[in-house]
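# Coordinates in review
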Amino acid sequence: MKWIEFSRLNQAIEGLTPNKKIRILAKDYPEQYLPFIEILSLELPINNLASKKAMKWITNTLEVFDEEIEEAIYIHGDIGEAMYHFTEDKVDSDFGISQVHRFLCMDCNKSNGDSFLIFKNAFEIMSPLEKKWFLRYWLRTPRNGINAGLVKKLLAKVYDKKEVDIKQHTQLHSLADIASYYDRDETPPNDLKVGRYIAPMLARVVPKEKWPSLCILEYKYDGARYQIHKGDSVLIFNRKGKVVTEKFPDIVQAVTSWEIIEPFIIDTEIYPIESDGKPAPFKKMGTRIHSKNVQEAIEKCPVKLGVFDCMMFNDENLMDLPLSKRLDIINKFPDLTSRSSQEQYDVFYNLAINDGYEGIMIKDLNALYESGKRSVSWAKYKPPRFELDVVITGVRYGEGKRATVFSSYDIAVKHNNDFISIGSVGTGFSEIDLIYLTNEAKKLILSVSNGTHSLSPRMVLEVTCDLITKDSKGNFGLRFPRLLRIRHDKPVSEINTLEDVKNLM
Ligand code: AMP
């Protein structure tokens with residue numbers, strides 16, 4: 001199938017009902033069904049393309065100004081349609097669907113300098129209609145009403161299968177894989193096997209009153225989801241089922257060193273940590289995931305593993321066992337997610353936030369591993385948090401390891417020409433933060449009383465909390481406060497005001 005044929009097909013069915021779309025797609029189902037299915041269902045890898053970058057590449061290729069394209073988008077609604085009308089007529093290219101599929105999968109990360117040239121060379125020779133559909137799929141927003149659900153129905157029609165069966169197979173196989181089994185007249189296997197990715201079970205926000213009564217509580221880590229398979233060797237799959245083992249030699253080494261000889265498939269979160277082992281902000285993971293220099297990325301972004309489920313152990317499928325039974329196996333693993341069987345949600349949540357984690361998960365002990373499903377059996381609790389820019393007005397030394405640095409910081413917001421205390425913050429600081437703040441604070445000390453050093457209000461922090469409180473004496477306070485970052489860039493005149501605080505209450 002040529003790209004122009006695929007583009008014409010998309011163009012023809014754009015405004016039709018789902019059933020008509022399926023009928024026409026089935027009629028034109030091509031011999032090269034693999035790229036066809038992957039593109040239509042968007043089973044494509046992340047290509048690190050944001051619309052801003054797409055815009056830049058397009059303007060550079062066409063040698064026009066941003067404003068010209070912006071105007072065309074304003075008139076036509078999206079960049080694909082805009083390019084269809086904007087670019088001069090050209091004969092259709094000779095690109096086949098597989099070739100364009102490769103362009104669509106290309107990582108557009110800036111460290112990969114060739115990707116722009118590949119894009120430019122391809123884009124220049126496409127006709128307007130080809131450009132339209134290339135751009136829409138390149139940006140992963142085809143706007144034609146075709147999605148994975150519709151592709152499932154398409155496969156059911158083309159191969160004369162039941163939709164429920166296809167749905168079942170998607171737990172273990174991509175739609176393109178399912179199509180290729182069907183095309184060979186085979187049924188996609190349903191047994192678990194090292195190397196065969198399992199669609200992960202997903203969590204949901206569930207109202208507190210509907211949380212499972214028989215449950216286990218776990219920390220919710222702010223990292224990325226990985227499925228680790230171990231047979232003769234270790235394989236690490238990302239959330240999309242792509243093998244990314246080579247990005248994590250440190251995790252491979254750790255997993256290999258475990259004293260578990262049976263083959264297994266486990267569900268895990270890998271999250272970034274600071275040099276003191278505390279969780280680091282998620283954005284740091286980007287270095288690790290995208291960097292081409294793995295060794296450098298390991299140094300820049302050390303990570304930790306949190307194991308929270310096991311789907312296969314010693315070739316036995318555990319997915320149909322309740323979590324209470326799976327735990328017998330899960331507990332064999334090192335690097336387990338911190339958990340508690342007590343139902344004191346608030347206490348456990350407080351611990352999680354204070355340790356620098358994102359929130360907690362409440363998991364139903366009776367629940368099976370519901371592959372591919374966003375399930376109420378895994379409730380996530382991550383209440384909205386407030387963020388405030390505050391000034392430090394006082395500091396106290398810590399205890400133990402923190403006896404030589406200021407580790408508790410009194411904070412205040414602005415009110416007219418004065419500052420009003422909103423309590424103190426002592427978590428979320430890295431060792432480097434504490435050393436830096438201690439050195440700076442020493443230059444600002446005004447007086448000392450009862451261990452508290454009052455400071456000239458100069459240093460600004462961005463903090464987060466999940467509630468703002470006011471006691472009977474009218475004193476404001478923050479519940480579960482945490483440092484987000486030191487705001488070197490922010491003058492004290494621009495911190496939040498008492499009015500802001502009252503508005504958040
Ligand atoms: P969310 O991305 O907000 O929908 O939350 C679900 C995600 O939290 C999962 O896909 C995992 O990547 C992550 N996660 C972190 N800790 C856990 C945990 N203990 N159990 C399950 N998922 C977790």
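Only a predicted model underlies this, so the values are computations on that prediction, with no experimental measurement involved.

This part covers the overall build of the chain. A count of helices and strands for the chain gives 19 helices and 19 strands. Referenced to the eigenvectors of the C-alpha coordinate spread, the extents of the chain come out at roughly 80 × 60 × 45 Å. Within the span of the chain, comprising 505 residues, buried residues form 49% of the whole. With the model as given, the accessible surface of the chain reaches about 24,900 Å², and the carbon-plus-sulfur share is 49%. Averaged over its 69 positive side-chain charges, the chain has a centre that lies 3 Å from the centre of its 71 negative ones.

This part takes up the nonpolar core. Counting 54 residues, the largest nonpolar core has Trp3, Phe36, Ile37, Phe119, Phe134 and Trp138 as its most contacted members. Ignoring any residue separated from it by four or fewer positions in sequence, one finds Trp138 in contact with Asn47, Leu49, Ala54, Trp57, Phe103, Leu104, Cys108 and Phe119. Core analysis: the next-biggest nonpolar cluster, separate from the first, contains 30 residues, Phe264, Ile270, Ile329 and Ile330 among them.

Applying the stated criterion across every chain yields a total of 36 aromatic pairs. On the numbers, 5.7 Å between centres and 90° between planes, the contact of Tyr29 with Tyr159 is edge-to-face. Placement of Tyr29 in the loop between helix H2 (18-27) and helix H3 (33-40) and of Tyr159 in helix H10 (residues 148-159) is noted, with a sequence separation of 130 residues between them. Judged by its relative accessible area of 17%, Tyr29 is buried. Look at Tyr159 and you get buried, because its relative accessible area is 14%. Ring geometry for Trp258 and Phe333: centres 5.8 Å apart, planes at 75°, overall edge-to-face.

Moving on: the pairing of strand E5 (residues 264-272). Most of E5 is tucked away: 9 of the 9 residues are buried. Residues Phe264, Ile266, Thr268, Ile270 and Pro272 of E5 are buried on one face, and the alternating residues Ile265, Asp267, Glu269 and Tyr271, pointing to the opposite face, are buried as well. Note: E5 against strand E6 (residues 303-313), 9 bridges, orientation antiparallel. In the sheet register, Ile265 faces E6, and the bridge partner there is Met312.

Turning our eyes to something else, we now look at helix H16 (residues 323-330). Restricting attention to buried positions, one finds in H16 the residues Leu323, Arg326, Leu327, Ile329 and Ile330. Buried residues of H16, viewed axially, fall in a sector of 160°; they line one side. Residues of H16 that are buried in the fold lie against strand E2 (215-220), E6, strand E8 (339-340) and strand E9 (359-364).

Two numbers describe how helix H8 (residues 114-124) lies on helix H9 (residues 128-138): the axes approach to 10 Å, and their chain directions differ by 150°. On the basis of their axis angle, the class for H8 and H9 is roughly antiparallel. Both H8 and H9 take part in a crossing whose hand is right-handed. Judged by residue contacts, Phe119, Phe123 and Glu124 of H8 engage Lys131, Phe134, Leu135 and Trp138 from H9. For the contact of H8 with H9, the class distribution of residues is 5 nonpolar, no polar and 2 charged.

Here we come to the sheet that holds strand E7 (residues 316-317). The 5 strands are arranged E4-E3-E5-E6-E7 in an open sheet whose pairing can be described as antiparallel. Two strands lie at the open edges of the sheet, namely strand E4 (234-237) and E7, each paired on one side alone. In this sheet, E7 lies alongside E6 in antiparallel orientation, the contact comprising 2 bridges. Across the sheet, residue Phe313 finds its bridge partner in E7, namely Glu316. Taken strand by strand, helix H13 (residues 249-257) contacts strand E3 (224-230), E4, E5 and E6, and its axis lies near 135° from that of E4.

Our focus in this paragraph is the site of the ligand. With respect to spatial proximity, 15 residues lie near the ligand, and among them Glu218, Arg225, Glu269, Lys363 and Lys380 are the closest. Between Tyr219 and the ligand, the recorded distance is 3.0 Å, taken from a backbone N or O atom to a nitrogen atom. Within the side chain of Lys380, an N or O atom sits 2.3 Å from an oxygen atom of the ligand. Out of a free accessible area of 490 Å², the ligand has 87% covered by protein chains. Going through the elements one at a time, E2, E9 and strand E10 (374-381) are the ones with two or more residues in the shell around the ligand.

This part covers the packing of helix H4 (residues 51-62) against helix H6 (residues 79-86). Running from N to C, H4 and H6 point in directions that differ by 10°, and their axes come no closer than 13 Å. Between H4 and H6, the angle is such that the two are roughly parallel. Along the contact surface, H4 presents Met55, Ile58 and Leu62, while H6 presents Ile79, Met83 and Phe86. Residues that form the contact of H4 with H6 fall into these classes: 6 nonpolar, no polar and no charged.

One pass over the structure, following the stated rule, counts 30 salt bridges. Of the charged contacts in the structure, one is a salt bridge between Asp389 and Lys490, with a shortest N-O distance of 2.6 Å. Linking Asp389 in strand E11 (residues 386-397) with Lys490 in the loop between strand E19 (482-486) and helix H19 (498-504), this pair joins segments that are 101 residues apart in sequence. Overall, the relative accessible area of 8% leaves Asp389 in the buried class. Here Lys490 falls in the buried class, since its relative accessible area comes to 19%. Connected through salt bridges with shared partners, the residues Glu14, Asp78, Glu81, Lys132, Arg136 and Arg143 form a single ionic network.

Let's shift gears to the sheet that holds E9. Backbone hydrogen bonds hold the strands of a sheet together, and the pairing may be parallel or antiparallel. Overall, mixed pairing links the 5 strands, which are arranged E1-E10-E9-E2-E8 in an open sheet. Strands at the two margins of the open sheet, each flanked by one partner only, are strand E1 (202-205) and E8. Pairing of E2 with E8, which is carried by 2 bridges, proceeds in the antiparallel orientation. Bridge pairing in E8 places Leu217 opposite Ser340. Lying over the sheet, helix H17 (residues 345-354) contacts E2, E8, E9 and E10, oriented at roughly 135° with respect to E9.

Thresholds applied
- Residues numbered from 1 in each chain as written.
- Predicted model: local features only at pLDDT ≥ 70, side-chain atom pairs only at ≥ 80, totals over all residues.
- Heavy atoms only, no water.
- Helix = DSSP H or I, 4+ residues; strand = E, 2+ residues; numbered from the N terminus.
- Buried < 20%, exposed > 50% of the residue type's maximum accessible area, 1.4 Å probe, protein only.
- Areas by Shrake-Rupley, 256 points an atom, 1.4 Å probe, with all protein chains shown as cover.
- Lys, Arg positive; Asp, Glu negative; His and termini not counted.
- Charge placed at Lys NZ, Arg CZ, Asp CG, Glu CD.
- Core = buried A, V, L, I, M, F, W, Y, C linked by side-chain atoms within 4.5 Å.
- Contact = heavy atoms within 4.5 Å.
- Phe/Tyr/Trp six-rings, centres within 6.5 Å; stacked < 30°, edge-to-face > 60°.
- Pairing = 2+ DSSP bridges.
- Arc of directions from axis to C-beta.
- Axes fitted to C-alpha atoms, helices over the stretch in contact; angles between N-to-C directions.
- Parallel < 35°, antiparallel > 145°, perpendicular 65-115°, else oblique.
- Left-handed = near helix turned anticlockwise from the far one by under 90°.
- Nonpolar A, V, L, I, M, F, W, Y, C, P; charged D, E, K, R; others polar.
- Near = heavy atom within 4 Å.
- Polar contact = N/O pair within 3.5 Å; in protein donor to acceptor, adjacent residues only side chain to side chain.
- Salt bridge = Lys/Arg side-chain N within 4 Å of Asp/Glu carboxyl O.

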